[in-house]
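# Tertiary structure, described
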Amino acid sequence: MASGTKKVFVIGIGLFFSCLLLQCEEVDGREYIVGDDKRWSPDANLTQWTEGKKFKAGDVLVFKYKDPDLIVAAVLDNYLFEKCNLYLGAMNLYTSGNDHVVLKKGTIYFAPYQSPYCENGMKLTVHVE
Ligand SMILES: *[C@@H]1O[C@H](CO)[C@@H](O)[C@H](O)[C@H]1NC(C)=O
């Protein structure tokens with residue numbers, strides 16, 4: 001009994017210190033599942049999804065998808081994003097299907113790298129304070 005209690009205590013201390021080391025994301029930034037229950041998919045209304053959300057630097061967007069055609073391109077250039085020219089515009093690709101993107105201040109755009117999803121309107125614009 002006593003050793004069980006001790007173990008829990010030690011784990012607690014361990015978590016506390018790893019939290020300090022990793023600056024505990026829960027405290028620093030919020031984590032958002034893009035598209036909520038629809039995830040990163042053509043079924044999600046991404047415009048609606050961003051409504052009422054205030055993104056801050058350090059927040060994390062999680063892109064969840066199974067279809068490899070949905071690999072995520074992050075774009076900084078508004079013009080290339082509007083044109084869905086992701087081949088030129090993508091500054092980063094996220095390909096794991098469970099991609100965590102830490103936000104920085106500014107505006108960043110996301111779309112599936114493979115056409116024709118972007119042309120069909122699967123686009124996400126995020127303003128980060
Ligand atoms: C997505 O949501 C926006 C804002 O609520 C709405 O204006 C738009 O019609 C929706 N798009 C689709 C395809 O449902």
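Our subject is the structure that appears above.
The text that follows walks through the structure, step by step, so that each part is easy to find. All values derive from a computational prediction rather than experimental measurement. (Residues numbered from 1 in each chain as written. Predicted model: local features only at pLDDT ≥ 70, side-chain atom pairs only at ≥ 80, totals over all residues. Heavy atoms only, no water.)

Okay, unusual backbone geometry next. Excluding glycine, a negative phi dihedral is what most residues carry, and trans is how most peptide bonds are arranged. Its identity is not glycine, yet D36 carries a phi of approximately 50°, on the positive side. Tracing the backbone through its elements, the reader meets D36 in the loop between β1 (31-33) and α3 (46-50). With relative accessibility at 40%, the residue D36 sits in the partly exposed group. One non-glycine residue, R39, lies in the positive phi region at around 60°. Looking at where R39 falls in the secondary structure, it is placed in the loop between β1 and α3. Given a relative accessible area of 36%, R39 falls into the partly exposed group. (Helix = DSSP H or I, 4+ residues; strand = E, 2+ residues; numbered from the N terminus. Buried < 20%, exposed > 50% of the residue type's maximum accessible area, 1.4 Å probe, protein only.)

A few words on the packing of aromatic side chains. The geometry of an aromatic ring pair comes down to the distance between the two centres and the angle between the two planes. The tally for this structure, following the rule as stated, stands at six aromatic pairs. Measuring from centroid to centroid gives 4.9 Å for W40 and F63, while their planes differ by 90°, and the two rings are edge-to-face. Highlighted residues: W40 in the loop between β1 and α3 and F63 in strand β2 (residues 60-64), separated in sequence by 23 residues. Given a relative accessible area of 0%, F63 falls into the buried group. Taking the centre distance of 4.9 Å and the plane angle of 50° together, the rings of F63 and F110 count as tilted. Remark: F110 occurs in strand β6 (residues 106-112) and F63 occurs in strand β2; sequence separation between them is 47 residues. This pair shows no difference in class: F63 is buried, exactly as F110 is. Among the aromatic residues, ring-to-ring pairing joins Y32, W49 and F55 into one connected group. Its end group placed over the ring of F81, K123 keeps NZ or CZ at 4.9 Å from the ring centre. (Phe/Tyr/Trp six-rings, centres within 6.5 Å; stacked < 30°, edge-to-face > 60°. Lys NZ or Arg CZ within 6 Å of the ring centre and 35° of its normal.)

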